[in-house]
Amino acid sequence: MTENLAWTPAEIDIAVPNVARVYDFLLGGAHNFESDRTLADKIEQSMPGVRDVVRLNRSFLRRAVLFMVESGIRQFLDIGSGIPTVGNVHEVAQQADPECRVVYVDKEPVAVRHSGALLAGNDRAMAVEADVCSPGEVLGDPAVLSMLDFDQPVGLLNLLLWHFIPDEADPPGLLAGYRNALAPGSYLAITHTTYDSEPDELRGAVDEVRRRSKQQAFPRTYDEITALFDGYELVEPGVVGCAAWRPGGPGDFSEHPSSNARLYAGVGRKPQP
Ligand SMILES: C[S@@+](CC[C@H](N)C(=O)[O-])C[C@H]1O[C@@H](n2cnc3c(N)ncnc32)[C@H](O)[C@@H]1O
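Read on for a plain summary of the structure. All residue numbers refer to position in the chain's written sequence, counted from 1. Owing to the predicted nature of the model, reporting of local features is limited to residues with pLDDT of at least 70; listing and counting of side-chain atom pairs is limited to 80 or more, with chain, interface and lining totals taken over all residues. Only hydrogens and water are set aside; all other atoms, that is, all heavy atoms of the structure, feed into the side-chain values.

Overview of the nonpolar core
Across soluble globular proteins, nonpolar side chains have a tendency to be buried as a group. As used in this record, nonpolar core signifies buried Ala, Val, Leu, Ile, Met, Phe, Trp, Tyr and Cys residues forming a set joined through side-chain atoms within 4.5 Å. Here the term buried applies to any residue with accessible area under 20% of the maximum for its type, exposed to any over 50%, and partly exposed to those in between, with areas from a 1.4 Å probe on protein chains only. Membership of the largest hydrophobic core comes to 46 residues, with the highest contact counts inside it found for F60, V65, M68, F76 and V267. Numbering goes from the N terminus for both helices and strands, where a helix is a DSSP run of H or I of at least four residues and a strand is a run of E of at least two. Ranked by residue count, the leading element in this core is helix α3 (residues 50-70), at 11 residues. Excluding anything up to four places from it in sequence, F60 contacts L159, A189, I190, T191, C242, W245, A265, G266 and V267. Counting residues in each nonpolar core, the second largest holds 31 residues, with V105, L139, L156 and V239 among its members. It only takes one pair of heavy atoms within 4.5 Å for two residues to be counted as in contact.

Section: the side chain of D106
The residue D106 is located in strand β2 (residues 101-106) in this model. Charge assignment: positive for Lys and Arg, negative for Asp and Glu; neither His nor the chain ends contribute. Every case where a carboxyl oxygen of Asp or Glu lies within 4 Å of a side-chain nitrogen of Lys or Arg is listed as a salt bridge. Buried and without a salt bridge, D106 has K107 as its closest oppositely charged side chain, separated by 7.8 Å. At 3.3 Å, the side chain of D106 and the backbone nitrogen of S81 are in polar contact. Ignoring anything within four residues of it in the chain, the contact list for D106 reads G80, S81, G82, A111, V112, V128, E129 and A130. Contacts described as polar in this section are N or O atom pairs within 3.5 Å, which, within protein, must combine one atom able to donate a hydrogen with one able to accept it, while residues neighboring in sequence count only if both atoms come from side chains.

Quick look at the site of the ligand
Near, as used in this document, describes a residue that has one of its heavy atoms within 4 Å of the molecule or strand being considered. Lining the immediate surroundings of the ligand are 18 residues, of which Y23, N57, R58, G80 and D106 lie closest. With respect to the ligand, the side chain of R58 contributes an N or O atom lying 2.8 Å from an oxygen atom. Contacts to the ligand include K107, whose backbone N or O atom sits 3.5 Å from a nitrogen atom. For the accessible areas, the method is Shrake-Rupley and the probe is 1.4 Å, while residue cover comes only from the protein chains on display. In the complex, 97% of the free accessible area of the ligand, which totals 600 Å², lies under the protein chains. For the shell around the ligand, the secondary structure elements donating two or more residues are α1 (19-26) and α3. Note that Gly is not counted as nonpolar here; it falls among the polar residues with everything else outside the nonpolar set of Ala, Val, Leu, Ile, Met, Phe, Trp, Tyr, Cys and Pro and the charged set of Asp, Glu, Lys and Arg. Taken together, the residues that form the shell around the ligand break down as 9 nonpolar, 4 polar and 5 charged.

What about the environment of A111?
Among the structural elements, A111 can be located in helix α5 (residues 109-119). The exposure class assigned to A111 is buried, which follows from its relative accessible area of 0%. When the C-alpha positions of A111 and L145 are compared, they lie 21 Å apart, and in sequence the two are 34 residues distant. Each residue touching A111, except ones within four places of it in the same chain, is listed here: G82, I83, P84 and D106.

Looking at the pattern of salt bridges
Scanning the model with the defined rule gives 14 salt bridges in all. As a salt-bridge pair, R220 and D167 come within 2.9 Å of each other at their nearest N and O atoms. Residue R220 is located in the loop between α9 (199-213) and α10 (222-227), and its partner D167 is located in the loop between β4 (155-159) and α8 (171-181); the two are separated by 53 residues in the primary sequence. Assessed through its relative accessible area of 5%, R220 is described here as buried. The network of salt bridges with shared partners includes R21, D36 and E108.

Here it is as structure tokens:
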């Protein structure tokens, strides 16, 4: 197949699969290459139902954003935002209230370039290339500061992100860096893969990702994922299987019980001091 490279940054080696593009392919997107599709197929062989799982993750994103808008949030920081696909944060939030402002952050240049192109003409949304492991750089980025007012509550979205960050990088410590910068009344939403449900299938998928993309993944337990919300008050129903977080309709869960439990999802609110 001939690849359309018009949107591809020159520095990208398209022979090496990348998790942002693999995820895009699994969601039915067009911003991926042969190497990404091959890895996606391998993941699917190890873990049948993975497409269902990523679809449920996007359904949760929509519910979490709408919950935050209903709770008064009008500015969002989406870190590990990925390659834009249908139902992006700015689409959901700005449909609910056009005044909502959104900053997307990802360390993958393709994701950031494509987000930038999609957001051209939208003066309330932008994309920034940065690493979640550098909270100071993300929070101090002039573009971020031009869009978000950290004296006001922010909706921080970290969906399918922290499982790419090893324990040695100290995810709870990094999250504390973000939490300290957020005003009381801010919200944090997380989804995270887990070995608590059908671990062998996920282990196979994680092995494929490591072998082919050199990207490591670190699924965590319920307790470890709940600990990422340290300093926040979990809103009901707490940390649960992704589909069990306030499902609103048939598209929010799967007919396969295992898909519903493969990711943990939760939303927390930063309380007043
Ligand atoms: C599976 S995608 C999730 C996309 C979106 N958050 C969602 O849930 O639909 C994970 C994204 O995290 C990004 N990512 C991985 N490690 C990162 C890091 N250290 N800093 C920022 N982004 C990172 C990847 O590039 C990828 O785009």
